[in-house]
Amino acid sequence: MTDQFPSSAKADDVARLFDPARLRQARRLTMMTKQALAEKVGVSPAAVGQYESGVHNPKADVLRALADSLDVPIEFFAPDRPLTSLDSSDAHFRSLRSTSVGQRNKALAFTEQVWELTHALERWVQFPEVNLPQTLNGSSRDRSRAELRDAADMLRTHWGIPLNEPFAHLTRTSETNGVVVVFAAFAGAGEKQRIDAFSTSKLSRPIVVTPPDRAEGVFKHRFNLAHEIGHLLLHREEVHGELIIEREANAFAGELLMPERAMRNVLKPRIDWDNLSKLSHKWGVEMKALIFRSRELGILSDSSARRAYQRIEVMRSANLLTNLSTAEFEGEIPVLLQRAFEYATTEGVTVESLAQQLRWRPLTVKTLLGVTGDSRPKLRALL
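All figures in this text were calculated on a predicted structure; none of them were measured in a lab. Residue numbers run consecutively from 1 along every chain, following the written order of its sequence. With the structure being a predicted model, the display of local features is reserved for residues of pLDDT at least 70 and the display and counting of side-chain atom pairs for 80 or more, all residues being used for whole-chain, interface and lining totals. Side-chain calculation: all heavy atoms of the structure are included, whereas hydrogens and water are not.

Colleague: Help me understand the overall build of the protein chain in this model?
Modeller: Tallying secondary structure elements over the protein chain gives 17 helices and four strands in all. Looking at the 383 residues of the protein chain, the share that counts as buried comes to 50%. Whether two residues are in contact is decided by their heavy atoms, any of which lying within 4.5 Å being enough. At a minimum sequence separation of 6, the contacts of the protein chain that also span at least 24 residues come to 76%. Carbon and sulfur atoms provide 49% of the accessible area of the protein chain, an area that totals close to 17800 Å². In this description a helix means any DSSP run of H or I spanning at least four residues, a strand means any run of E spanning at least two, and both kinds are numbered starting from the N terminus. Residue burial is assigned from relative accessible area. The probe radius is 1.4 Å, only protein chains are included, and a residue is buried under 20% of its type maximum, exposed over 50%, and partly exposed in between. Surface exposure here means Shrake-Rupley accessible area, sampled with a 1.4 Å probe, where a residue is shielded only by the protein chains that are shown.

This is the structure in structure tokens:
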């Protein structure tokens, strides 16, 4: 592949200043193992390991082969801009057992690049300050449902969302309060997508990533985002991936999107399906979630809830349930990074200049920004 990256740097110069962390990041983005990369480049897996650990730098000809195999400019490997590093303990994945190592590593490397892009844009654009309240102390093993309810109510109050009203525009509100939300997929060719969503609070700005297939259903996207916000508030220092933590985040999401005081006024002990459908659209949650909430609050019996779940499955099998796309709801499409770029264009920033600053290919910048075509889009309000 011909390297179209505009720079005067030579392979010999980059090889001398080689940053091993960049090789690790680029390899993880492609989901390649060290052995697979070694075979493509024509070196041993041990040599790739030595490059990544910083024991040895690759020679110029090997560096060119690495850049070509990983589809990055040679200058990508230069240590001349900020870099962060994440591992699995720094992000909340739903289940470490159900996600492949390759998918997790790609997701982490992608998130590192989201942070780099945000950091680069902050040179020209002032992002919203991170505005997450301090929440519960102590371990998740001793948090009651009442404490989780109070934490969700506290966030609503902190963000100015009334406790008796639906949480409209959860994505836009999160971005307004400094949380970066992005859509991205991490499954390789022929591999099933196993990452529902994940988040990290280990960087200077919290980031939530959700796969694009969740954008096909706005209710699932909203619940996933609420779940990850729960992690950001409650589990900053917790061991990630534990079942009790995931249950807490689910409970928090339910409390955030379906506050108890409001639900006790609108949910009934007998299911009215027309009313349940209206409530689903009004509160931005699935009917199944409303049934679960009814049972959780003691409004609906266990047996009634089971029958309701069964009917929902029948309706789903018959394609009788409406699947509303996130694209139909402007406030649920992440826009923070794209709007920041739009503002930066007033200072002469382009996709190409950002790519040169970040040592990426322009297509990488466009992918993370969600920008297509003209790299100087029409200016709109940041949020």
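Colleague: I keep staring at helix α15 (residues 336-344) and nothing clicks. Help me out?
Modeller: Each turn of an α-helix holds 3.6 residues, which means side chains three or four residues apart point in the same direction. Counting buried residues in α15 gives seven out of nine residues, a clear majority hidden from the surface. Among the residues making up α15, those that are buried are L336, L337, R339, A340, F341, E342 and A344. Structurally, α15 contributes buried residues whose contacts are with α6 (101-121), α8 (170-176), β2 (180-183), α16 (351-358) and α17 (362-369).

Colleague: Please explain the packing of aromatic side chains as it appears in this structure.
Modeller: Any two aromatic rings considered together are summarised by their centre-to-centre distance and by the angle between their planes. Stacked, tilted and edge-to-face pairs are distinguished by plane angle, under 30 degrees for stacked and over 60 for edge-to-face with tilted covering the rest, among Phe, Tyr and Trp rings (Trp via its six-membered ring) whose centres lie within 6.5 Å. Inspection of every chain in the model, using the stated rule, returns four aromatic pairs. Ring centres of F76 and F77 lie 5.6 Å apart, and the angle between their planes is 90°; on these two criteria the pair is classed as edge-to-face. On the basis of relative accessible area, F76 is assigned to the buried category, the value being 1%. Among the residues examined, F77 registers a relative accessible area of 0% and is labelled buried. Put simply, the rings of F18, F76 and F77 pair up and form one aromatic cluster. Only lysine NZ and arginine CZ atoms are considered, and such an atom sits over a ring when it is within 6 Å of the ring centre and within 35 degrees of the ring normal. The ring of F76 has R81 sitting right over it, with the charged end atom 5.5 Å from the ring centre.

Colleague: Explain α16 here, please?
Modeller: Here α16 has its buried residues at V351, L354, A355 and L358. Burial along α16 is one-sided: seen end-on, the buried residues are contained in an arc of 100°. Where α16 is buried, its residues contact α6, α15 and α17. One or two residues past the end of α16 sits R359, with phi positive at roughly 65°. Our arc is simply the arc of the directions from the helix axis toward the C-beta atoms.

Colleague: Would you mind going over the nonpolar core with me for this structure?
Modeller: Generally speaking, soluble globular proteins have nonpolar side chains that are buried together. One finds F77, L117, L121, L337, L354 and L369 to be the most contacted residues of the largest nonpolar core, which totals 60 residues. The element best represented in this core is α6, accounting for eight residues. The residues touching L337, leaving out its near neighbours within four places in the chain, are V114, L117, T118, L121, F127, V180, V182, L368 and L369. To define a nonpolar core, start from buried Ala, Val, Leu, Ile, Met, Phe, Trp, Tyr and Cys residues and group those joined through side-chain atoms within 4.5 Å. A151, L234, F252 and V285 belong to the second largest nonpolar core, which has 43 residues in total.

Colleague: Would you take a moment to explain the side chain of S199 for this structure?
Modeller: In this structure, S199 sits in strand β3 (residues 198-200). When its relative accessible area of 0% is taken as the criterion, S199 is described as buried. With residues near it in sequence (within four places) discarded, S199 still touches D90, A91, H92, I207, V208, E228, H231 and L232.

Colleague: What exactly am I supposed to notice about the environment of A327 here?
Modeller: Along the chain, the position of A327 falls in the loop between α14 (302-317) and α15. Look at A327 and you get exposed, because its relative accessible area is 62%.

Colleague: Explain the pattern of salt bridges to me, please; I cannot follow it from the model alone.
Modeller: Every case where a carboxyl oxygen of Asp or Glu lies within 4 Å of a side-chain nitrogen of Lys or Arg is listed as a salt bridge. With the rule as written, the count across this model stands at 18 salt bridges. The salt bridge involving D13 is made with R16; its shortest N-O contact spans 3.5 Å. Taken together, the positions of D13 and R16, both in helix α1 (residues 11-16) and three residues apart, correspond to about one turn of that helix. Among the ionic pairs, D71 bridges to R361, the shortest N-O distance being 3.1 Å. You can see D71 sitting in the loop between α5 (60-70) and β1 (92-93) and its partner R361 sitting in the loop between α16 and α17, a full 290 residues away along the chain.

Colleague: What is the right way to read the packing of α6 against α17 from this model?
Modeller: Relative placement of two packed helices is described by the angle separating their axes and the distance separating the axes. The geometry of α6 relative to α17 is characterised by a closest axis approach of 11 Å and an angle of 90° between their N-to-C directions. Here α6 lies roughly perpendicular to α17, going by the angle between them. Residue-level inspection shows F110, Q113, V114, L117 and L121 of α6 in contact with α17, the latter providing T364, L368 and L369. Under the scheme applied here, ten amino acids are nonpolar (Ala, Val, Leu, Ile, Met, Phe, Trp, Tyr, Cys and Pro), four are charged (Asp, Glu, Lys and Arg), and all others, including Gly, are polar. In terms of residue class, the contact of α6 with α17 is made up of six nonpolar, two polar and no charged. Here the axes come from fitting lines to C-alpha atoms, over the contacting stretch only for helices, and the angles between their N-to-C directions go from 0 to 180 degrees. What sets the label is the angle itself: under 35 degrees gives roughly parallel, over 145 gives roughly antiparallel, 65 to 115 gives roughly perpendicular, and the rest give oblique.

This is a description of form; function is not addressed.
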